[in-house]
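# Residue-level structural notes
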Amino acid sequence: MQGRLIYLMGPSGSGKDSLLQAARAPLEAHGCRFARRVITRSAESVGEDALGMTPAEFERLESEGGFALSWRANGLAYGIPREIDDWLANGQDVLINGSRGHLEAARQRYPDLLAILLQVDEAVLRQRLLARGRETPEQIEQRLARSRRLSVTVPAAETNLITLDNSGPLQQTVNRLLHLLDETRRCA
Ligand SMILES: Nc1ncnc2c1ncn2[C@@H]1O[C@H](COP(=O)(O)OP(=O)(O)O)[C@@H](O)[C@H]1O
Ligand SMILES: O=P(O)(O)OC[C@H]1O[C@H](OP(=O)(O)OP(=O)(O)O)[C@H](O)[C@@H]1O
């Protein structure tokens with residue numbers, strides 16, 4: 001049986017990366033795989049378990065069919081390596097850090113994907129982004145503006161979506177994620 005693609009998305013600073021790291025060990029223990037993203041961010045500022053690449057290298061790999069999914073946002077290019085298709089074909093679930101803006105395209109390629117939207121109040125988001133210190137204040141405001149635009153379009157266009165609040169402690173969100181993955185697996 002084909003594995004499930006679990007497509008985690010949410011505003012910049014909502015905690016996608018933290019959640020993926022914290023949930024990794026318990027989910028891997030159940031055979032779930034985690035895709036390592038390719039990002040055209042400089043290696044020093046990647047800040048997650050991602051592979052840094054120049055835009056030229058990215059485009060070459062993309063044109064060779066190296067990505068299962070790829071998109072552009074925040075002035076960067078992001079790619080999910082093609083190997084996830086082998087994992088899914090082997091019956092393994094695969095968790096990826098996705099983009100709200102690319103959800104529709106991702107659904108075209110993976111009609112059965114499980115979409116999970118991580119949410120946090122904007123004031124908390126701003127604080128978390130400033131505290132993380134990876135982007136300049138101007139870039140942070142641009143990310144918040146993008147989130148406001150996408151928060152209008154995503155729920156309106158998308159009914160088949162599970163939302164997960166990450167305003168509280170991270171461990172609480174991890175527990176909820178594990179629970180909902182377990183519940184939805186039973187329904188599959
Ligand atoms: N539940 C939480 N409570 C407090 N801080 C959090 C929580 N989740 C994430 N953070 C912090 O918020 C910042 C942004 O989280 P991150 O995982 O990088 O978000 P994203 O990958 O969605 O941009 C990080 O500094 C992280 O440590
Ligand atoms: O369409 P959107 O939902 O806005 O997403 C656009 C991109 O931004 C996020 O990545 P990135 O790691 O650059 O940002 P983040 O870690 O700050 O969220 C997200 O994972 C997407 O790759």
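In this report, we go over the structure that sits alongside the text. (Residues numbered from 1 in each chain as written. Chains lettered and ligands numbered in written order. Predicted model: local features only at pLDDT ≥ 70, side-chain atom pairs only at ≥ 80, totals over all residues. Heavy atoms only, no water.)

Let us now look at the packing of aromatic side chains. All told, the structure shown has 2 aromatic pairs when counted by the stated rule. For R33, the ring lying beneath its charged end belongs to W87, and the centroid distance is 4.2 Å. (Phe/Tyr/Trp six-rings, centres within 6.5 Å; stacked < 30°, edge-to-face > 60°. Lys NZ or Arg CZ within 6 Å of the ring centre and 35° of its normal.)

Inspection of the region around ligand 1 gives 14 residues, with G13, K16, S18, R132 and G168 positioned closest. Here R128 contributes a side-chain N or O atom positioned 3.2 Å from a nitrogen atom of ligand 1. Taking R132, its side chain carries an N or O atom lying 2.8 Å from an oxygen atom of ligand 1. Within the complex, the protein chains bury 74% of what would otherwise be the 560 Å² of accessible surface of ligand 1. Here ligand 1 is seated within the largest pocket. Only α1 (16–28) and α5 (122–132) provide two or more residues apiece to the shell around ligand 1. Counting residues per element, the shell around ligand 1 draws most heavily on α1, which supplies 3 residues. Among the residues forming the shell around ligand 1, the class breakdown is 3 nonpolar, 7 polar and 4 charged. (Near = heavy atom within 4 Å. Polar contact = N/O pair within 3.5 Å; in protein donor to acceptor, adjacent residues only side chain to side chain. Areas by Shrake-Rupley, 256 points an atom, 1.4 Å probe, with all protein chains shown as cover. 1 Å grid on protein atoms, 1.4 Å probe; cavity = no way out; pocket = protein on both sides within 12 Å on 5 of 7 lines; lining within 4 Å. Sits in = over half its atoms within 2 Å of the grid points. Helix = DSSP H or I, 4+ residues; strand = E, 2+ residues; numbered from the N terminus. Nonpolar A, V, L, I, M, F, W, Y, C, P; charged D, E, K, R; others polar.)

Within the chain, N74 stands out as a residue other than glycine whose phi angle is a positive 55°. By secondary structure assignment, the location of N74 is in the loop between β5 (67–73) and β6 (76–81). Judged by its relative accessible area of 34%, N74 falls in the partly exposed class. (Buried < 20%, exposed > 50% of the residue type's maximum accessible area, 1.4 Å probe, protein only.)

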